[in-house]
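Results of the structural survey
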Amino acid sequence: MHYKDFENVIIMEHPLIKHKISLLRDKNTVTLVFRHLVEEIATLEVYEALADVPLTEVEIETPIETCTGPVIDGKKLAIVPVLRAGLGMVTGVQNLVPNAKVGHIGLCRDPETHEPREYYCKLPENMDQRLAIILDPMLATGGSAVAAVDFIKQHGCKHIKFMCIIAAPEGLERLAKAHTDVEIYVGNLDRCLNEDAYICPGLGDAGDRIFGTK
Ligand code: PRP
Ligand code: URA
């Protein structure tokens with residue numbers, strides 16, 4: 001489902017994704033289960049996000065004869081988690097695309113201004129030849145997502161997808177307007193942000209819940 005007139009926004013509708021997000025929201029969901037759910041949702045989302053990925057024909061020797069068959073070139077894909085919380089989605093994507101290269105972008109929101117601060121970045125080589133999938137479970141004000149896309153574009157990448165689990169309308173619109181060429185996959189669109197720029201109803205601080213830091 002698209003959001004408003006934003007052609008580049010896809011809101012997931014699969015019941016399994018909805019069900020697992022409800023389990024994630026529960027404040028009584030413990031760290032181990034939370035992490036597992038984030039991984040499972042990432043797998044389900046990337047299945048949808050890669051539906052348009054191009055195929056190439058390769059030769060295959062079956063036990064009967066030689067034929068050609070379509071394959072996805074995993075080497076052309078880079079997955080880029082936004083630290084910390086995006087790390088929780090990496091294994092879920094690798095379950096389906098084990099050969100994808102992994103880059104990292106370290107961004108942390110300032111608690112007062114809510115603006116992102118960059119503290120670490122390492123991307124695979126040849127980003128100009130890759131499809132990049134940015135992973136971050138939370139799209140709140142959109143500051144971190146816009147900064148992550150800006151950074152990857154500065155490294156020459158021309159084809160970028162952004163995958164999150166929960167988005168607030170404010171951040172989703174900011175990202176969709178700032179980067180109209182980026183396809184944005186959203187597990188669920190929540191109601192709004194609160195005065196601390198947390199998503200409502202949301203699930204709290206994703207990084208803390210994945211890593212058990214609070
Ligand atoms: C969270 C989340 C996003 C960001 C979203 O990270 O994982 O990266 O906030 O907020 P925004 O859309 O308003 O920028 P946080 O900065 O809390 O860092 P952490 O993952 O290390 O906890
Ligand atoms: N980051 C989070 O982890 N949760 C929010 O609700 C907003 C930003």
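Fair warning: this is a prediction, and the values are worked out from it, not measured in the lab. All residue numbers refer to positions counted from 1 along the written sequence of the respective chain. Chains and ligands are labelled by the order in which they are written, letters from A for the one and numbers from 1 for the other. Per-residue local features of the predicted model are confined to residues with pLDDT of at least 70, and side-chain atom pairs are confined, for both listing and counting, to 80 or more; whole-chain, interface and lining totals are unaffected and use all residues. Note: side-chain values were computed over all heavy atoms of the structure, leaving out hydrogens and water.

1. Re the state of the cysteines
A pair of cysteine sulfur atoms is labelled a disulfide when the two atoms are within 2.5 Å. Enumeration over the complete set of coordinates arrives at 0 disulfides. Cysteine C164 shares no disulfide, and the gap to the nearest cysteine sulfur, in C200, comes to 16 Å. Since its relative accessible area comes to 0%, C164 is described here as buried. Unpaired in this structure, C192 has its nearest cysteine sulfur neighbour in C200, at a distance of 4.5 Å. When a residue's accessible area, from a 1.4 Å probe over protein chains only, is under 20% of the maximum for its type it is buried; when over 50% it is exposed; and in between it is partly exposed.

2. Remarks on the pattern of salt bridges
Take a side-chain nitrogen of Lys or Arg and a carboxyl oxygen of Asp or Glu: if they are within 4 Å of each other, that pair is a salt bridge. The tally for this structure, following the rule as stated, stands at 9 salt bridges. Note that E40 and K20 form a salt bridge whose closest N and O atoms lie 2.9 Å from each other. Here E40 is found in helix 2 (residues 31-49), whereas its partner K20 is found in helix 1 (residues 15-25), with 20 residues between them in sequence. A salt bridge links D208 to R84, with the shortest nitrogen-to-oxygen separation between them at 3.1 Å. In this pair, D208 sits in helix 6 (residues 206-211) while R84 sits in the loop between strand 5 (77-83) and helix 3 (87-94), placing the two residues 124 residues apart along the sequence. By relative accessible area, R84 is classed as partly exposed at 33%. One network of salt bridges, in which partners are shared, links K4, E173 and K177. Note on conventions: DSSP H or I runs of at least 4 residues are helices, E runs of at least 2 residues are strands, and numbering of each starts at the N terminus.

3. Some thoughts on the site of ligand 2
The environment of ligand 2 is made up of R109, M138, A140, A197, Y198, I199, G204, D205 and A206. A distance of 2.8 Å separates an oxygen atom of ligand 2 from a polar backbone atom of I199. Tallied by class, the residues present in the shell around ligand 2 amount to 6 nonpolar, 1 polar and 2 charged. One heavy atom suffices: a residue is near a molecule or strand as soon as one of its heavy atoms comes within 4 Å of it. Counted as a polar contact is a pair of N or O atoms within 3.5 Å, where, for protein atoms, one must be capable of donating a hydrogen and the other of accepting one, and residues adjacent in sequence contribute only when both atoms are in side chains. Gly is put with the polar residues, along with every residue not named as nonpolar or charged; the nonpolar set is Ala, Val, Leu, Ile, Met, Phe, Trp, Tyr, Cys and Pro, and the charged set is Asp, Glu, Lys and Arg.

4. Structural notes on the side chain of D190
Position of D190 among the secondary structure elements: in the loop between strand 12 (183-189) and strand 13 (192-193). Note on definitions: a residue-residue contact is assigned when non-hydrogen atoms from the two residues lie within 4.5 Å. Leave out the neighbours within four places in its chain, and D190 touches R25, I166, A167, P169, I199, C200, P201 and G202.

5. Some words on a nonpolar patch on the surface
A cluster of nonpolar side chains, V30, L32 and V33, forms an exposed patch at the surface whose accessible area comes to about 280 Å². Mapped onto the secondary structure, V33 falls in helix 2. Patches here are clusters of residues that have more than 30% relative accessible area and form no salt bridge, with a 9 Å joining cutoff for like charges and a 5 Å cutoff for nonpolar side chains (Val, Leu, Ile, Met, Phe, Trp, Tyr). In short, Shrake-Rupley with a 1.4 Å probe defines the accessible areas, and a residue's cover is counted only from the protein chains shown.

6. Focus on the packing of helix 2 against helix 3
Relative orientation and spacing of two packed helices are given, respectively, by the angle between their axes and the distance between those axes. One way to put it is that helix 2 packs onto helix 3 with a least axis distance of 7 Å and a crossing angle of 50 degrees. Classed by the angle they form, the pair helix 2 and helix 3 counts as oblique. Every pair of crossing elements has a handedness; the one defined by helix 2 and helix 3 is right-handed. In this structure, helix 2 uses V38, E39, A42, T43 and V46 to contact helix 3, whose residues at the interface are G88, M89, T91, G92 and V93. Among the residues forming the contact of helix 2 with helix 3, the class breakdown is 5 nonpolar, 4 polar and 1 charged. Axis definition: a line fitted to C-alpha atoms, limited for helices to the stretch in contact. Angles are taken between N-to-C directions and run from 0 to 180 degrees. The cut-offs work like this: below 35 degrees is roughly parallel, past 145 is roughly antiparallel, 65 to 115 is roughly perpendicular, and the gaps in between are oblique. Crossing handedness is defined as follows: a turn of the near helix away from the far one that is anticlockwise and smaller than a right angle gives a left-handed crossing, while the clockwise case is right-handed.

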